[in-house]
Amino acid sequence: MGQLDLRTGDEGICALPDAFTPQPPPHFAVRRIVLARGSLDTPEREAFVRRVCAAYPDVTVDEQLDTPHNRIDMGEMSPAARHVAGKHTLVFGVLERAVRVSEEAGNCCPNYWHFSVYGFCPYGCTYCYLAGTQGVWFSPSVKIYVNLPQILAEMGRIARQRGGTTYFYHGKLQDGLALDPLTAYSTVMVPFFAKHPSARQILLTKSATVERLLTLEHRERTSLSWSLNPPAVAECYERNVPCVASRIEAMKLCAAAGYPVRAVIMPLIPVGDWDVSYPAFVADLVTRVPLERLTIGGVCSAKQAVRLMEHKLGPTNAISENMKCQSKGGDFRTRYSAELCIAMYDSMIASAREVRPDLEIGLCLESRGVCEAVHKRWRLGRCNCIP
Ligand code: SF4
């Protein structure tokens, strides 16, 4: 990796990782690799892409260098079959507008900067809200964007122009770490943010593969955040995902390495004795992991995501059943009833605060009315996506 000029803040000299051995990441069974437009445009990109492809010697590499990464045909007509094919397809490409500001409105979320060096993810959460979004619905492949140096340079420029400290979130449109064994992107990204005078990163993941992170210089300028649910819930609703115990071990390792570590428990799924299992889970979590912040949230799905979820779980699953009493916020996402959400948040916040009275707790993508009601009782703090 190139050096960042701390005097000028010139970060245009980062490079793609070039001294690593790509390892096929757990939970990603690649059956097809596609090289889309831009992926081989420079000798550096070509060397990187060929190196990663070599980790899959038995997989055919299909060059479609005139096709953008989001137009690759999955060869399936039905959304469900296309989704399955996409989860086994690795696409290399270039993302031009990789650094953006979120466009939340009509809920309790603030807007924030986010970026993408990956697109979508290899895991199989049945409730996945991302699977129903416009960008993923027609193009559900797992993507690696090879213009990483340019993406980092853009964030560096934005941070310098804005003045003060700017946080960039990685995990809105992808899992932020699942593909790191394959790309070693963390070895460029974490030092970049560590050295930059004013750019910082927050990364959300369900990955448990963190060995590479532990020796990187981070200067606490990368916050690592794990998405979790109680193990019994995860076993039913999070398919082909690292088990919860391994995620918690990864959190402990990263906290011991000095990273600020956060947790997001979302979507809460009211199954069985949820009023016992969720508070018990959160109490155990905050006892075992020195969390910087906890964020919780119910379900908030758009129509297409619900369609895919019901294809996987059937129409009478616990999420759909509880969304029948939906509270549609101003953002038109479907949620559980306000009463159910407040009851779930109350029980979890009480449990967490009993162990850690000082713990900052925020809500994610919740309606304003529910946020205000919960805030009155518990004085909510900031959520995961912001500093
Ligand atoms: S980790 Fe996130 S993006 Fe990946 S399948 Fe699960 S919910 Fe979807």
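Before reading further, recall that the structure is shown in the block above.
As the structure is a prediction and not an experimental result, all values here were calculated from the model.

S.K.: Explain helix α9 (residues 244-256) to me, please; I cannot follow it from the model alone.
M.R.: Given 3.6 residues per turn, any residue in an α-helix points the same way as the ones three and four places further on. For α9, which comprises 13 residues, the first-to-last C-alpha distance of 18 Å matches the rise-based estimate of 18 Å (1.5 Å per residue) to within 8%. Residues of α9 that are buried include every one of Val 244, Arg 247, Ile 248, Ala 250, Met 251, Cys 254 and Ala 255, and no others. The arc that holds the buried residues of α9, viewed along the axis, is 155°, so those residues lie on one side. In this structure, the buried residues of α9 make contact with α7 (211-214), β11 (222-228), α8 (231-237), β12 (238-239), β13 (261-265) and α10 (274-288). Backbone geometry just after α9 places Gly 258 at a positive phi near 95°.

S.K.: Looking at this structure, how should I read the packing of aromatic side chains?
M.R.: Aromatic ring pairs are defined here through the distance separating the ring centres and the angle between the ring planes. This structure, assessed with the given rule, holds seven aromatic pairs. Ring plane angle 20° and centroid distance 5.5 Å describe the contact between Phe 48 and Tyr 185, whose orientation is recorded as stacked. Of this pair, Phe 48 sits in helix α1 (residues 43-53) while Tyr 185 sits in the loop between α5 (180-183) and α6 (186-195); the two residues are 137 residues apart in sequence, bridging distant segments of the chain. With relative accessibility at 2%, the residue Phe 48 sits in the buried group. Between Tyr 118 and Tyr 185, the aromatic rings sit 5.5 Å apart at their centres with planes inclined by 15°, giving stacked as the arrangement.

S.K.: What's the story with the site of the ligand in this structure? I'm lost.
M.R.: Near the ligand the following residues occur: Lys 87, Cys 121, Tyr 123, Cys 125, Tyr 127, Cys 128, Leu 130 and Lys 206. Residues that form the shell around the ligand fall into these classes: six nonpolar, no polar and two charged.

S.K.: Explain unusual backbone geometry to me, please; I cannot follow it from the model alone.
M.R.: Note on backbone geometry: most residues besides glycine have negative phi, and most peptide bonds are trans. The omega torsion of the bond from Met 266 to Pro 267 falls at -5°, within 30 degrees of zero and hence cis. Looking at where Pro 267 falls in the secondary structure, it is placed in the loop between β13 and α10. The backbone phi angle of Ala 184 is positive, close to 60°, even though this residue is not glycine. Take Ala 184: it is sitting in the loop between α5 and α6. Classification of Ala 184 by relative accessible area gives buried; the value is 1%.

S.K.: Can you walk me through the nonpolar core in this structure?
M.R.: Taken as a class, soluble globular proteins show a tendency for nonpolar side chains to be buried jointly. In terms of nonpolar packing, the biggest core is built from 62 residues, with Met 251, Ile 265, Leu 291 and Leu 294 touching the most fellow members. Per-element tally for this core: the top contributor is helix α13 (residues 338-355), with seven residues. In contact with Leu 294, other than residues within four places in its own chain, are Ala 263, Ile 265, Val 282, Ala 352, Leu 359, Glu 360, Ile 361 and Gly 362. Grouped together as the second largest cluster of nonpolar side chains are 45 residues, Ile 33, Val 59, Leu 90 and Ile 151 included.

S.K.: What am I meant to see in the sheet that holds strand β6 (residues 118-119) here?
M.R.: Adjacent strands of a sheet form backbone hydrogen bonds with each other and so pair up, either parallel or antiparallel. Here we have five strands laid out as an open sheet, ordered β2-β1-β3-β8-β6, and mixed in their pairing. In this open sheet, the two strands that pair with only one neighbour each are β2 (61-63) and β6. Bridge count between strand β1 (residues 32-35) and β2: three bridges; the pairing is parallel. Residue pairing across strands places Val 34 opposite Asp 62, the latter belonging to β2.

S.K.: Would you take a moment to explain the pattern of salt bridges for this structure?
M.R.: Should their charged atoms come close, side chains of opposite charge can pair. Summed over the entire model, instances satisfying the criterion amount to 14 salt bridges. The shortest N-O distance in the salt bridge between Glu 249 and Lys 252 comes to 3.4 Å. With Glu 249 and Lys 252 both in helix α9 and three residues apart, the pair spans about one turn of that helix. Note on Glu 249: relative accessible area 37%, which makes it partly exposed. On the basis of relative accessibility, which here comes to 30%, the residue Lys 252 falls in the partly exposed class.

S.K.: Could you clarify how one ought to interpret the packing of α9 against α10 in this entry?
M.R.: Relative orientation and spacing of two packed helices are given, respectively, by the angle between their axes and the distance between those axes. With their axes 10 Å apart at the nearest point, α9 and α10 run at an angle of 30° to one another. Here α9 lies roughly parallel to α10, going by the angle between them. Taken together, the residues of α10 that come into contact with α9 (itself represented by Val 244, Ile 248, Glu 249, Met 251 and Lys 252) are Phe 281, Leu 285 and Arg 288. Grouping the constituent residues of the contact of α9 with α10 by class yields five nonpolar, no polar and three charged.

S.K.: Please clarify how the sheet that holds β13 should be interpreted in this entry.
M.R.: Spatially, eight strands are ordered β4-β5-β9-β10-β11-β13-β14-β15 in an open sheet, and the strand pairing comes out mixed. Whereas interior strands pair on both sides, the edge strands pair on one side only; in this sheet they are β4 (99-101) and β15 (360-363). Taken pair by pair, the neighbouring strands of this sheet meet at an average axis angle of 25°, ignoring direction. As paired strands, strand β9 (residues 166-170) and strand β10 (residues 199-205) are joined by five bridges and run parallel to one another. Looking at the pairing, Tyr 167 lines up with Arg 200 of β10. Packed on one face of the sheet, helix α4 (residues 148-162) meets β4, β5 (113-115), β9 and β10 and runs near 150° to β9. Running at roughly 165° to β11, α9 makes contact with β11 and β13 of the sheet.

The rules behind each value
Residues numbered from 1 in each chain as written. Predicted model: local features only at pLDDT ≥ 70, side-chain atom pairs only at ≥ 80, totals over all residues. Heavy atoms only, no water. Helix = DSSP H or I, 4+ residues; strand = E, 2+ residues; numbered from the N terminus. Expected span 1.5 Å × (residues − 1). Buried < 20%, exposed > 50% of the residue type's maximum accessible area, 1.4 Å probe, protein only. Arc of directions from axis to C-beta. Contact = heavy atoms within 4.5 Å. Phe/Tyr/Trp six-rings, centres within 6.5 Å; stacked < 30°, edge-to-face > 60°. Near = heavy atom within 4 Å. Nonpolar A, V, L, I, M, F, W, Y, C, P; charged D, E, K, R; others polar. Core = buried A, V, L, I, M, F, W, Y, C linked by side-chain atoms within 4.5 Å. Pairing = 2+ DSSP bridges. Salt bridge = Lys/Arg side-chain N within 4 Å of Asp/Glu carboxyl O. Axes fitted to C-alpha atoms, helices over the stretch in contact; angles between N-to-C directions. Parallel < 35°, antiparallel > 145°, perpendicular 65-115°, else oblique.

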